[in-house]
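# Overview (structure and organization)
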Amino acid sequence: MAIVERIEAATPDARRRLRLRNPATLAPLGEVEVATPSDVRAAVERARKAQPGWAALSFAERGRYLERAARTLAARQNEFVTAIVAETGKPELEALTTEVLTACDALSFYAKRAGRILADQTVPVHLLKNKKLRISYKPLGVVGIITPWNFPFILALNPTIQALMAGNCVVLKPSEVTPKSGRLVEELLHAVGLPEGVFELVIGDGETGAALLDAGVDKISFTGSVETGRRVAEACGRNLIPCTLELGGKDPMIVCADADLERAARGAVYGAFTNSGQVCTSTERVYVVDEVADVFTRKVLEETGRLRQGASGEFDIGAIIDARQLDVIEEHVRDAVERGARVLAGGRRNPACEGLFFEPTVLVDVDHEMKIMRDETFGPVLPIMRVADEDEALRLANDSPYGLNANVWTRNKRRGAELAGRIESGCAVVNDCMLTYGVTESPFGGVKDSGIGRVNGELGLKGYCRVQSILIDRFGGKTEPLWYPYSARKLRLFRRALRMLWGTSLGRLLS
Ligand code: NAD
């Protein structure tokens, strides 16, 4: 059963539509119209028109809209949580904490700090003491934001508010699987009276996203799969505009012999199963050293056995949001079992649930020939691999095309951080998991196929800016040593200066 059904336009003038369903109950959620390429261009035009006025506001003025949005969201939290749950089938607690609470935090974080982070900087020049350098951070113009379905509200709101605080206007294209959560962003920003055109929403699928890439925006902030990310990068290359690509992951977990196994097992279960494993930083593979593997696996199974899956009342594990993802998860588990993996828990769609559910699954006897250890599963599956020691764990952790996040578990925090530092990933966590996206100060993003660029924090905010450096002469004078005329005497002087500056110890101090 498709969760989103595409309905072709009845007449040449009509728009295509998407028919939506709740993935947990399969109840119909109504239909939305798909924006045409000319709708997308018109949205970019409106944003372009509004941008100078928006950029002319002070950081404090822009921040006031965001602070109001945080207050509005706190007051209307139930309404937002209910809408997100209906579209994703995730537990209310997850919608509240990972979507709404994190949104309030991000809104007030950037509202309060963007002015300081993006203030003009005067930088002393180390060699040319007669010059002064000023670096300023200016808005890029109109930013196109394209987002996925797994955290449909926060992943749409967070880049939007960073781009807005930097003085840009935004055109957002949320996932076709969760367009209504994208509409919640629009509702929130309209509720706080954001000026017309500063934020534009275009609803649609891949075609709409592709239209946005070529609609004349100044940057694309993309979160989604590696495959689509490559297309986005190609278009941005063609149009010579920057992009940030937040792509997939296959996060490794390393359990050292001295780990607190109780905490590590609970962390593994949460890291693999929260949001039904549909997190770019889900724990997707575990490497546990041989001497503690049996105890760790037993504790993981005990913890997994306590989980409740469902669509109403109190439960821990929600639905798979997109029906296509359910096929991928099933195929990865099937492939693993065919190649010799053993299923210790779950391993199938949940027959007791009406909607799209996959049971929390624990696999052992897995290896790197299996899809479950190589490709992004994006589902509630925890494959555990026994390794001889930490070196083998590290080698296997790095044997992946992905490099988003990672987690390491040991009682020796210094060694944990050292081990984490040797993992090829954009982020890593010691004795906890995921979390880096939610820590607003932390630059978030991947290496290798997990993406390009960083979101969040100071680096993320600066990514929505055009950096301009202005060099100012301090003292004047009729000429400069480098200017004409060139002469043999000047050449000798520069030769002597070069020898003095980099050939003597006094010079090395000055240079
Ligand atoms: P997806 O790539 O299928 O779609 C993402 C968005 O791109 C959607 O809005 C879609 O409509 C749009 N799109 C599709 N084709 C396009 C095209 N040709 N041009 C422009 N836009 C196009 O990804 P998904 O299935 O929605 O999301 C799941 C993926 O997102 C997973 O791989 C997950 O790891 C990744 N993800 C990454 C992060 C991160 O921060 N690194 C966060 C969440 C999800």
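Look up a bit, the structure's there.
Here we come to the overall build of the protein chain. Counting secondary structure elements, the protein chain contains 17 helices and 21 strands. Taken along its principal axes, the extent of the C-alpha atoms in the protein chain is 90 × 65 × 40 Å. In the protein chain, which comprises 511 residues, the share counted as buried stands at 53%. The contacts in the protein chain between residues at least 6 apart in sequence include a share of 70% that link residues at least 24 apart. Here the protein chain displays about 23000 Å² of accessible surface, and carbon together with sulfur accounts for 54% of that area. The average position of the 67 basic charges and that of the 66 acidic charges among the side chains of the protein chain differ by 12 Å.

What holds strands together in a sheet is hydrogen bonding between their backbones, with the strands either parallel or antiparallel. Spatially, 1-2-3 is the arrangement adopted by the three strands of the open sheet, whose pairing is antiparallel. Either end of the sheet is taken by a strand with one partner, and the two such strands are strand 1 (4–7) and strand 3 (28–33). Neighbour-to-neighbour, the strand axes of this sheet turn through a mean angle of 20°, independent of strand direction. Pairing between strand 1 and strand 2 (residues 17–21): four bridges, direction antiparallel. For Arg6, the partnering residue across the bridge sits in strand 2 and is Leu18. Packed onto the sheet, helix 6 (residues 179–191) meets strand 2 and strand 3 and runs at close to 65° relative to strand 3.

Moving on to the nonpolar core. Among the nonpolar cores identified, the biggest contains 146 residues, and Phe153, Ile220 and Phe296 are the most heavily contacted of them. For this core, the leading source of residues is helix 4 (residues 92–117), giving 11 residues. The contacts of Phe296, once residues within four sequence positions are left out, are Met253, Val255, Leu261, Ala264, Ala265, Ala268, Val286, Val288 and Ile384.

In the vicinity of the ligand there are 29 residues, among which Lys173, Glu176, Ser225, Thr228 and Glu376 approach most closely. Measuring from an oxygen atom of the ligand, one finds a side-chain N or O atom of Ser225 at 2.6 Å. Here an oxygen atom of the ligand sits 2.5 Å away from a polar atom, N or O, in the side chain of Glu376. Taking 850 Å² as the accessible area of the ligand by itself, protein coverage stands at 90%. When contributions to the shell around the ligand are tallied by element, the ones reaching two or more residues are helix 7 (206–213), strand 9 (219–223) and helix 8 (226–239). The dominant element in the shell around the ligand, judged by the number of residues it contributes, is helix 7, at four residues. Here the shell around the ligand is composed, by residue class, of 13 nonpolar, 10 polar and six charged.

Okay, the side chain of Thr178 next. As for its placement among the helices and strands, Thr178 is situated in the loop between strand 7 (169–173) and helix 6. Here Thr178 falls in the buried class, since its relative accessible area comes to 0%. When neighbours within four sequence positions are excluded, Thr178 is seen to be in contact with Glu87, Thr88, Pro148, Trp149, Pro152 and Ile321.

For side chains bearing opposite charge, pairing can occur when the charged atoms are close. Per the stated rule, a full pass over the model turns up 45 salt bridges. With a closest N to O distance of 2.6 Å, Arg334 and Glu331 form a salt bridge. In this pair, Arg334 and Glu331 both sit in helix 11 (residues 323–338), three residues apart, roughly one turn of the helix. For Arg334, a relative accessible area of 41% translates into the label partly exposed. With relative accessibility at 24%, the residue Glu331 sits in the partly exposed group.

A few words now on the pairing of strand 9. Where burial is concerned, most of strand 9 is hidden: five out of the five residues are buried. Neither face of strand 9 is open: one carries Lys219, Ser221 and Thr223, the other Ile220 and Phe222, and all of them are buried. Pairing of strand 6 (residues 142–146) with strand 9, which is carried by four bridges, proceeds in the parallel orientation. Bridge pairing links Gly144 to Ile220 in strand 9. Examined bridge by bridge, strand 9 and strand 10 (residues 243–246) share four bridges and lie parallel to one another. The residue of strand 10 that forms the bridge with Ser221 is Thr244. Running through helix 8, the crossover from strand 9 to the neighbouring parallel element strand 10 is right-handed.

What follows deals with the pairing of strand 15 (residues 381–387). Across the seven residues that make up strand 15, a large majority, six, are buried. As judged from the four bridges shared by strand 12 (residues 283–289) and strand 15, these two strands associate in the parallel manner. What sits directly across from Val288, in strand 15, is Arg386. Examined bridge by bridge, strand 14 (residues 361–364) and strand 15 share three bridges and lie parallel to one another. Paired with Leu363 across the two strands is Pro383, which belongs to strand 15.

Applying the stated criterion across every chain, the model contains six aromatic pairs. Taken together, a centroid distance of 5.6 Å and an interplanar angle of 50° make the contact between Trp54 and Tyr65 tilted. With a gap of 11 residues between them, Trp54 in helix 1 (residues 37–56) and Tyr65 in helix 2 (residues 59–75) connect regions that are remote in the sequence. The ring of Tyr464 carries Lys219 above its face, with NZ or CZ at 4.6 Å from the centroid.

Attention now moves to the side chain of Thr377. Relative to the elements of secondary structure, Thr377 occurs in the loop between helix 12 (371–374) and strand 15. A polar side-chain atom of Thr377 sits 3.1 Å from a polar atom in the side chain of Lys250. Within the structure, the side chain of Thr377 is placed 2.9 Å from the side chain of His332, a separation counted as a polar contact. With residues near it in sequence (within four places) discarded, Thr377 still touches Lys250, Glu284, Gln325, Val328, Ile329, His332 and Ile372.

Scoring rules and cut-offs
- Residues numbered from 1 in each chain as written.
- Predicted model: local features only at pLDDT ≥ 70, side-chain atom pairs only at ≥ 80, totals over all residues.
- Heavy atoms only, no water.
- Helix = DSSP H or I, 4+ residues; strand = E, 2+ residues; numbered from the N terminus.
- Buried < 20%, exposed > 50% of the residue type's maximum accessible area, 1.4 Å probe, protein only.
- Contact = heavy atoms within 4.5 Å.
- Areas by Shrake-Rupley, 256 points an atom, 1.4 Å probe, with all protein chains shown as cover.
- Lys, Arg positive; Asp, Glu negative; His and termini not counted.
- Charge placed at Lys NZ, Arg CZ, Asp CG, Glu CD.
- Pairing = 2+ DSSP bridges.
- Axes fitted to C-alpha atoms, helices over the stretch in contact; angles between N-to-C directions.
- Core = buried A, V, L, I, M, F, W, Y, C linked by side-chain atoms within 4.5 Å.
- Near = heavy atom within 4 Å.
- Polar contact = N/O pair within 3.5 Å; in protein donor to acceptor, adjacent residues only side chain to side chain.
- Nonpolar A, V, L, I, M, F, W, Y, C, P; charged D, E, K, R; others polar.
- Salt bridge = Lys/Arg side-chain N within 4 Å of Asp/Glu carboxyl O.
- Right-handed = clockwise from strand over helix to strand, strands pointing away.
- Phe/Tyr/Trp six-rings, centres within 6.5 Å; stacked < 30°, edge-to-face > 60°.
- Lys NZ or Arg CZ within 6 Å of the ring centre and 35° of its normal.

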